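Given next are the chains, with one letter for each unit.
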Number of protein chains: 6
Amino acid sequence: MVRKDGRTFDSLRSINIIRNYIKYAEGSCLIELGNTRVVCTATLEESVPIFLKGTGSGWITAEYGMLPRSCATRILRDKISGRTYEIQRLIGRSLRAVVDLSLMGERTIWLDCDVIQADGGTRTASITGGFVALCDAFDKLKKQNLISKIPVKDFVSAVSVGIVEGNMLLDLSFEEDSHADVDMNIVMTSKGKFVEIQGTSEKDTFTYEQMSSLIDLARKGISELIDIQRNLLKGILIL
Amino acid sequence: MVRKDGRTFDSLRSINIIRNYIKYAEGSCLIELGNTRVVCTATLEESVPIFLKGTGSGWITAEYGMLPRSCATRILRDKISGRTYEIQRLIGRSLRAVVDLSLMGERTIWLDCDVIQADGGTRTASITGGFVALCDAFDKLKKQNLISKIPVKDFVSAVSVGIVEGNMLLDLSFEEDSHADVDMNIVMTSKGKFVEIQGTSEKDTFTYEQMSSLIDLARKGISELIDIQRNLLKGILIL
Amino acid sequence: MVRKDGRTFDSLRSINIIRNYIKYAEGSCLIELGNTRVVCTATLEESVPIFLKGTGSGWITAEYGMLPRSCATRILRDKISGRTYEIQRLIGRSLRAVVDLSLMGERTIWLDCDVIQADGGTRTASITGGFVALCDAFDKLKKQNLISKIPVKDFVSAVSVGIVEGNMLLDLSFEEDSHADVDMNIVMTSKGKFVEIQGTSEKDTFTYEQMSSLIDLARKGISELIDIQRNLLKGILIL
Amino acid sequence: MVRKDGRTFDSLRSINIIRNYIKYAEGSCLIELGNTRVVCTATLEESVPIFLKGTGSGWITAEYGMLPRSCATRILRDKISGRTYEIQRLIGRSLRAVVDLSLMGERTIWLDCDVIQADGGTRTASITGGFVALCDAFDKLKKQNLISKIPVKDFVSAVSVGIVEGNMLLDLSFEEDSHADVDMNIVMTSKGKFVEIQGTSEKDTFTYEQMSSLIDLARKGISELIDIQRNLLKGILIL
Amino acid sequence: MVRKDGRTFDSLRSINIIRNYIKYAEGSCLIELGNTRVVCTATLEESVPIFLKGTGSGWITAEYGMLPRSCATRILRDKISGRTYEIQRLIGRSLRAVVDLSLMGERTIWLDCDVIQADGGTRTASITGGFVALCDAFDKLKKQNLISKIPVKDFVSAVSVGIVEGNMLLDLSFEEDSHADVDMNIVMTSKGKFVEIQGTSEKDTFTYEQMSSLIDLARKGISELIDIQRNLLKGILIL
Amino acid sequence: MVRKDGRTFDSLRSINIIRNYIKYAEGSCLIELGNTRVVCTATLEESVPIFLKGTGSGWITAEYGMLPRSCATRILRDKISGRTYEIQRLIGRSLRAVVDLSLMGERTIWLDCDVIQADGGTRTASITGGFVALCDAFDKLKKQNLISKIPVKDFVSAVSVGIVEGNMLLDLSFEEDSHADVDMNIVMTSKGKFVEIQGTSEKDTFTYEQMSSLIDLARKGISELIDIQRNLLKGILIL
C-alpha cells in the first residue's frame, strides 16, 4: 500500500525543528512535521500552583492553541473547545512524567504550543517539540545557576498511529486521520516505556492484537523522533 | 494484599443501578459504585449538530458535572475545568461506538452525568450507567414507533485499573487513585473488544507487560459490569 | 375540592428528609417533598466576606442549582438565570435570620441546594432542608469545640401557598403553580413570626383579605414542617 | 419622631417626573425621588419570546442598571449582581400585572431602568417611573394605529416601608434602609390591590400586626404616587 | 452652506456643563452638547496599577458606557464593543497628557463617562467634561491636604471635525457624522498643542491640505470649549 | 544620531514578506519587519454582516492576536485587551478604505493578523502584510470567476513614526517606542493620501510643525513599503 504522499506505512513525515525560534522565551522551537507547524515556547514563572506551595517541588503545565486559519475552516478566536482542554492536559502530563519536579525548585514552566498550520498530529508534534523547548529552558536555568542540573530523566516523544481502510499506518496526516477506524496517540520514552496511551474507536472497536501491532508501529516512529531530539540537544542533555 | 475497604485486588465495589430515577427524562438511572453516586439522564432532541444535517444520521453527546460538595473540597459552581471536558468527550465517544447512529434518525441524545458523591471512578460509572439510561431512552423511542429497533450494537461498560504501591488493582477508590503510579481507564464491549483505552503515568512510566496485565484485570471487571447491565435490560435489549 | 394528587386544600405533600446524605459535607440532607427532590449541603469556610473582616461575625450564603434534566425540559448547564439569583438570595436571607451570626466566629457557611427533580416548591424545600443541613454543620463545629453552642435562635421553614382557579391551596405542585393567579412563598419561625413574605400576582391582583387567608394556610403548613425538623434534630437542638 | 431630612414618618420624599426625557425611546422619563434619580425608557421590539410565538400575546420585560458612581462606592461595570436580577424580575412582573398582554399584539416592550444616583428606593422608583414610560410607549403605538387602545388595566406604583429603630417609616432613604430591622416593598394598584409584596427581615423577624401596619403606611404613599401618575398621564390614560 | 440645525460650518452646538451632578463622586458633571448628554464622574482609589507600585506616581484611567436606549436603536447591556475600548483608551490618554502624574501620589482616578443620550461627539464631550470632573476631584484632594496643588499642567478639550458632502464642518451631529467622508477627533490644550489626533477615512482618503484645514477648524472649536472650562473652573484652577 | 540597531533616523528595518504562508487560507503571508513577525491570513465567508444584507456590497473585517510568548512577558491566552480591539478596528478600516466594497459581492473577508514575535510596529506590519494577503484572496476569487476584477483602488501601507529623546524616528522598535514622547501611526496610499492618522502624546504634547515633520518621515517609509508590495504583487495587481 502506498500513501497519498508517497510514504510507506511505517514512515514518519519529514521533520524539522528550529530551536530558539522566539527570542523572548526561555526555550522555544518551531516544529514542522510535514505540513503541520507548531510553535512551542517554554516560559518560566517563579511560583507554583497553590497545591505545591511549600513543598519545594516545581510544576509544568501546557496550553495549546490554534491560529484561526491554521485549519481548512476558520476557527473562532475565543472558542476554547473541549478538544483543546483534552490536548493541553495530555501535553502537560507527558512532559511532567520525564521530569524530576522536585529538582526544579518552586517554579512553574508554561509550555505554550501554538499551531500555525494543522495537518494531523498537532498534539504529538506539540509533545515532541515541547520537550525540546523545555530542555532549552532548563539549560537557561542551569546557566543562571538556578538549578544544578537539567532535571530531565528521559527523552519523550509522541506519535499517532491508526487503522485506515484496514491498513496500520504510522504518523497520520489529517486526511488519513479523518478516515481512520481506530486512532491511537502514544507517548514513550527512549527506554521504550509508556508515558501515555490513548486509543479511540469512533467507527469500529478493536482487538488486543490490533492494539499490540499499532504499538509496535508507534515504537518505531518514536525511536526515530528521539534520535532527532538526542542529536539536537546533545550539547546540553546526555541521557 | 488486602485493600482498605476489604476488597481483593480484583474485586469491584458494590454496584447498584436504579433505573428511571428521574421522571422527566427519556431514560435515566442512579448508579452507585461504592460511595460514588452518579445520576445519568438521557434527553432526546429532535435535531442534530450542523455537520449531520441532511445525512439521516443521529448523534449522541454527553455532559458531565459535579455537585459543588460531591468532593472533599467544595467546587466552584461556574468553573468547568479541563478535566470536565476530557471526561464528557470520553463518555460521548464511548457510547457512540456501540450505537448504529444511522438508525437513530436525525435526532440527538444528550447524556447528562451528574456526580452526587465522588469516590473514584466517576467517569467509568458515568459510561456504565449512561449506557443503561441510553437504552431506556431508545426503548421509549421504539415504543413511540419513532425507531423500529433499539440501534445498539453491543453492551459497553468501563472500569478503572491501576498500579498502587506495586499492586495491580481493579476499580480504584479515590484514595487508591490518588496514590496510583499508573492509572488506566478501559472501555470495552461484551465481546471483549476495546472502545477506548487511556493509560496515564504521572508518577512512573510503565512497560508493555504491565499494561497487558492491567488490561486483563479490567476485562474481568467489565465482564461483571456487563452481566449486571444485561440482567437489568433483559426486557428490552437482547444481544 | 379535591386536588389531582388527592390532597385536601390544606395538606402538604409527603415529606422525607435523609440527614447526612453526602459524606464529605459538614452538614447535608436529601429532602423529598412529593416528587421534588433537593440535595442540601453545608460547607464550612474559615473566612468571611470582606465587609465582615475584623468584626468577629460570621456569614451564611446560599447557592441554588438544578440538574439539567430535573425539569420537563432540559436546562442548559451554564445558564444561571435571574430566577436562580432570586432564589439563592432568598435562601441566604432566610437562614441568616434565625442564626446569631456574632456567635459563629469569622467563618462562612455555604449552603448548596441542588435540585435533582423539580415538581414545585424547590425554593421552599431548599430552605426547610437547608436549615437541617445547617444545624448539622453547626453541631459538627460544636463537637470540634470551635463554637460553644449552636447559634440558632429559632426553627425556620418555608412553604408556598396560592390561589388556583379560585381555591386557596397549600404547598403547590408544579402543575398547580403554573395555573396559579396568586403565588406566595412564606418563611416563618416556630414562634409564628415572619422571616420573609413574597406574594406575586402575574395573572390577577389580590386583596388584603386574600393575602391574610393565604398566610393562615401557610402557617398551618409551616407548623407541620417545623414539627418534622424538631423531631429530626431533637438530639442536637432544643428550642 | 423627626427624620434626618425633616420628614414625618408617613411622608414621601419630593418627587419629580420628567416625561420624554430621552428623544429616541418610544417612552421615557427621569424620575427623581429625593436624591434618587432613575432614567426609565421603554423600547418597542416587534417580536416576542419563544414561549409566546403564535399566541397573539405580547410581553413586557425589564432591565435594571446602575451607573458606576451612582452609589457611595464605585461599582464595577461588568458585574451583574444577584440583586440586579432580583430587581429586574420584580419590575417586569409588576408592570405585566396591570397590562392586558393579549391586547398588545406579538410585540415586546423592554423597560430599561438606569440609576443615575441612588439614595434608597431605586427599585420602587423604577416601577413608578417605568409605568409612566410604558404608558407613553403605548400611546405612541396607539397613535400609529398599531393598537386600538392603551392596554393598561390600572395604575401601578411602588413604595418601600420599614421598621427603623422601632419606628415605622414610609419611603426609606438609603441611610434609613441600612438601619432597618424589617424592610418591605409594596406594589399596588389605584384600587388598593396588591401586585407584589416582599417583606424581609435580616435583623429581626416580624409579626402579622407589624406587617399589617406597614402595609397601611405603604397604601398611603402609593395613593399619593398614583395621584401624581394620574395627573401626568391624564391626556392619554383615563382609568 | 447652512446645516440642518441652523449652525454655520464653524459653530459648536450649545454647550451646558453642570458641575457636581452626582453627590457621591469626588468630581462630576453633566455635559450637554446639543442633544448629546454625558455624565462624567471622577472616583478616587487609593492604589495604583501594578506597574506603578512603588514609583510614587499616580494614574488616571477611563471607562465609557452608554445607556441601553441612549441611541436610536437599543444596545444590549452586556455587550462591550471594540468601539467602547477604543474610546475609553482615548479618554484616558487625553487626560493623563495634561496631568503631572508624579504629583498625584500613588492613587488612581477613575473617570466614568456614561452617555445618557447620544447625538454625535460623545467621545469628545467625554474628554471635555471629564476634564472638569477631574479638576473637581483634584480640588477635593487638595482641600483634604492629600496633594499640595492641583497637578494639572494645561486645559484640555476635544472636538470632532469632518468633511461632509464636500464641506468642512465643526462638531458633527450624529447625522452629519454618518454622512462624513472624513472624520477627525482632535484633542488639544489651551496652548494649541496636540494631545491626540485621529483622522479616519472610511469612504474617501484625504490630502495633507484637507487635514490641515480641518485642524484649523478644530482649533477654533477647542479654543471656545477651553474658554468655557476656564470660566467654570476659575475658582480652583488658574493656568 | 545612530540608533541601537545601527539604522539612520529615516530607515525602515529589514522587511521580508513570504506569500502563501498558510496553505488553507484564501490569501496569506508572513511579514517580518526586523524582529517583528506577523502571520496574516485572509478568509472568505459567503455572507455579510446584517447591516449589509441585500445591498450587494461586501465587507472586510480584521482580528488581531498575539501568541502568548510573542512578548517579553507571557500574555494570558483568554485576555482580549482594549488595545486589541483598537488595533483590529484600525486594520479593518485601513483595508476597507482602498477596496471598492460594492464590487466584492455580498461576501466578507476576515483578515487575521497573528503576532508570532513582537518588537514594535505590529499593527502597522499587520496592515502592510494584510494588504498582500487580501490581494491574494481577491486574486483567488477572480480566478474562480466570482469577481471580474480585483476591487482594489490603491496600495496601502502603514508605518510608525515618533519623537524619541528629541529625535524624529521612522519605524520604531519596541524599545524606541517605549521611550517615545510622541508616537504616530500613519496609513497611506501610493498616491500619498491619508487613510488613517493617529498621533498620541502620553509624555508630551506636540506642535503642528512636529506633526508635519513626522508625516514627512512616514511618507518616505510608506513609499518604500509600497514599492515592496507593488513588486510582490506585480503579477496580479497593476495600479
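Now for a look at the structure at hand. Numbering of residues starts from 1 in each chain and follows the order in which that chain's sequence is written. Note on labels: chains are lettered from A, ligands numbered from 1, in written order. In keeping with the predicted nature of the model, local features appear solely for residues at pLDDT of at least 70, side-chain atom pairs appear and are counted solely at 80 or more, and the whole-chain, interface and lining totals rest on all residues. Excluding hydrogens and water, the side-chain figures rest on all heavy atoms present in the structure.

## Regarding the relation of the copies chain D and chain E
The line we're drawing: All copies are superposed by least squares; the fitting set is the C-alpha atoms of residues with a pLDDT of at least 70 in both.
For the pair chain D and chain E, the relating rotation is 180 degrees, the translation along its axis is 0.0 Å, and the fit reaches an RMSD of 0.0 Å. What the superposition gives is, in effect, a two-fold axis relating one chain to the other. Proximity to the rotation axis, assessed at the C-alpha, singles out D78(D) in chain D; its C-alpha lies 3.6 Å from the axis.

## Focus on the environment of Q198(C)
The following threshold applies: Numbering goes from the N terminus for both helices and strands, where a helix is a DSSP run of H or I of at least four residues and a strand is a run of E of at least two. In this description, contact between two residues means that some pair of their heavy atoms is separated by no more than 4.5 Å.
Looking at the secondary structure, you find Q198(C) in strand β9 (residues 194–200). As a C-alpha pair, Q198(C) and L101(C) span 97 residues in sequence and 24 Å in three-dimensional space. Filtering out sequence-adjacent residues up to four positions away, Q198(C) remains in contact with L90(C), R93(C), D183(C), M184(C), N185(C), I197(D) and Q198(D).

## Quick word on the sheet that holds strand β1 (residues 15–19) of chain D
Residues and elements named next belong to chain D. Inclusion rule: Following DSSP output, two strands are said to pair if at least two bridges run between them. Here an angle of 0 to 180 degrees is reported between the N-to-C directions of two axes, which are lines fitted to C-alpha atoms, with helices fitted over the stretch in contact.
Pairing in this open sheet of five strands is mixed, and the strands run β1-β2-β3-β5-β4 from one edge to the other. The outermost strands of the open sheet, each flanked by one partner alone, are β1 and β4 (59–66). Taken pair by pair, the neighbouring strands of this sheet meet at an average axis angle of 15 degrees, ignoring direction. Bridge count for β4 against strand β5 (residues 108–117) is eight bridges, and the pairing is parallel. When the sheet's bridge partners are listed, T61 is paired in β5 with W110. Sheet strands touched by helix α2 (residues 122–143): β1, β2 (27–33), β3 (36–45), β4 and β5. Its angle to β3, the strand with the most contacts, is close to 35 degrees.

## A closer look at the packing of helix α1 (residues 82–96) of chain D against α2(D)
Residues and elements named next belong to chain D. This is how the line gets drawn: Our angle categories are set so that under 35 degrees counts as roughly parallel, over 145 as roughly antiparallel, 65 to 115 as roughly perpendicular, and the remainder as oblique. Crossings are classed by handedness, with left-handed meaning an anticlockwise turn of the near helix from the far one by less than a right angle and right-handed meaning a clockwise turn. The nonpolar class holds Ala, Val, Leu, Ile, Met, Phe, Trp, Tyr, Cys and Pro. Asp, Glu, Lys and Arg form the charged class, and all remaining residues, Gly among them, are polar.
Contact geometry for α1 and α2: axes closest at 10 Å, N-to-C directions at 40 degrees. Relative to α2, the element α1 lies oblique. When you trace α1 past α2, the crossing you get is right-handed. Along its contact with α1, which presents R83, E86, I87, L90, I91, S94 and L95, the element α2 presents T122, R123, S126, I127, G130, F131 and L134. Considered class by class, the residues forming the contact of α1 with α2 number seven nonpolar, four polar and three charged.

## What to know about the environment of M66(A)
Residues and elements named next belong to chain A. Rules: Partly exposed residues are those whose accessible area sits between 20% and 50% of the maximum for their type, while under 20% is buried and over 50% is exposed, using a 1.4 Å probe and protein chains only.
By the secondary structure assignment, M66 is in strand β4 (residues 59–66). The partly exposed category is assigned to M66, whose relative accessible area is 24%. Not counting the four nearest positions on each side in its chain, M66 is found in contact with C71, I75, R83, V115 and A118.

## A look at the interface of chain C and chain D
Inclusion rule: Two parts placed together each lose some accessible area under a 1.4 Å probe, and the buried area is that loss summed for both. Take a side-chain nitrogen of Lys or Arg and a carboxyl oxygen of Asp or Glu: if they are within 4 Å of each other, that pair is a salt bridge.
Contacts between the two partners involve 31 residues from chain C, matched on the other side by 31 residues from chain D. Summing the contributions of chain C and of chain D, the shared interface buries around 2900 Å²; its carbon and sulfur component is 50%. Linking chain C with chain D are four salt bridges, by the criterion used here. When the shortest N-O distance is used, the salt bridge between E86(C) and R93(D) registers 3.4 Å. Elements supplying a minimum of two residues to the side of chain C that touches chain D: α1 (82–96), β8 (180–189), β9 and α4 (208–232) of chain C.

## Notes on the packing of aromatic side chains
As a reminder of what qualifies: What counts as a ring pair is set by centres within 6.5 Å for rings of Phe, Tyr and Trp (its six-membered ring), and what kind of pair is set by the plane angle: stacked under 30 degrees, edge-to-face over 60, tilted for all other angles.
According to the stated counting rule, one finds 21 aromatic pairs over all chains in the structure shown. Here the aromatic rings of F194(A) and F206(B) are separated by 5.3 Å at their centres, their planes lie at 25 degrees, and the arrangement is stacked. Of this pair, F194(A) sits in strand β9 (residues 194–200) while F206(B) sits in the loop between β9 (194–200) and α4 (208–232), which puts the two residues in different chains. Taking the relative accessible area as the measure of exposure, F206(B) reaches 0% and is therefore buried. Ring geometry for F131(D) against F155(D): centres 5.6 Å apart, planes inclined by 50 degrees, an arrangement best described as tilted. You can see F131(D) sitting in helix α2 and its partner F155(D) sitting in the loop between α2 and β6 (156–164), a full 24 residues away along the chain.

## Some points on the relation of the copies chain C and chain D
If you rotate chain C by 180 degrees and push it 0.0 Å along the axis, it lands on chain D with an RMSD of 0.0 Å. With an isologous cut-off of 70% or more, the 100% of interface residues of chain C that recur at the interface of chain D puts this contact in the isologous class.

## As for the side chain of D139(D)
Mapped onto the elements, D139(D) comes out in helix α2. With near-sequence residues (within four places) excluded, D139(D) lies in contact with I150(D) and I236(D).

## Comments concerning the pattern of salt bridges
The full count for this structure, using the stated rule, is 138 salt bridges over all chains. D136(B) is the partner of R19(B) in a salt bridge, and the nearest nitrogen-oxygen pair spans 2.7 Å. Within this pair, whereas R19(B) is found in strand β1 (residues 15–19), its partner D136(B) is found in helix α2 (residues 122–143), the two being separated by 117 residues in sequence. For R19(B), a relative accessible area of 25% puts it in the partly exposed group. Judged by its relative accessible area of 7%, D136(B) is buried. For the salt bridge of E176(D) with R3(D), the shortest nitrogen-to-oxygen distance reads 2.8 Å. Note that E176(D) is positioned in helix α3 (residues 174–178) and R3(D) in the segment before β1, a separation of 173 residues in sequence. Summarising the burial analysis for this pair, E176(D) and R3(D) share the class buried. Overlapping salt bridges bring together R3(A), D5(A), R7(A), R13(A), D171(A) and E176(A) as one network.

## A short note on the side chain of T205(E)
Secondary-structure assignment places T205(E) in the loop between β9 (194–200) and α4 (208–232). Dropping the residues within four chain positions of it, T205(E) is found in contact with Q210(E), T189(F), K193(F), F194(F) and V195(F).

## Brief notes about the sheet that holds strand β8 (residues 180–189) of chain D
One open sheet holds the eight strands; their spatial order is β7(C)-β6(C)-β8(C)-β9(C)-β9(D)-β8(D)-β6(D)-β7(D), and the pairing between them is antiparallel. Edge positions in the sheet fall to β7 (167–170) of chain C together with β7 (167–170) of chain D, since each of these pairs with one other strand and no more. The average undirected angle you get between the axes of adjacent strands in this sheet is 15 degrees. As paired elements, β8(D) and strand β9 (residues 194–200) of chain D share six bridges and run antiparallel to each other. Bridge pairing in β9(D) links I186(D) to I197(D). Where α1(C) meets the sheet, its contacts fall on β6 (156–164), β8 and β9 of chain C together with β9 of chain D, and the angle it forms with β9(C) comes to roughly 155 degrees.

## Details of the interface of chain D and chain E
Using the following cut-off: A 3.5 Å cut-off defines polar contacts: any pair of N or O atoms within that distance qualifies, except that in protein one atom must be a possible hydrogen donor and the other a possible acceptor, and neighbouring residues in sequence count only when both atoms are side-chain atoms.
Contacts between chain D and chain E engage 31 residues on the former and 31 residues on the latter. For the pair chain D and chain E, the summed buried area comes to about 2700 Å², and 49% of that belongs to carbon and sulfur atoms. Three residues, Y24(D), R69(D) and R77(D), lead the burial of chain D against chain E; their summed loss comes to 29% of the area buried on that side. Our count for the contact surface shared by chain D and chain E stands at 14 salt bridges. The salt bridge involving R74(E) is made with D112(D); its shortest N-O contact spans 2.5 Å. Linking chain D with chain E are 22 residue pairs in polar contact (both at pLDDT 80 or more), by the criterion used here.

Purely geometric numbers; function is a separate question.
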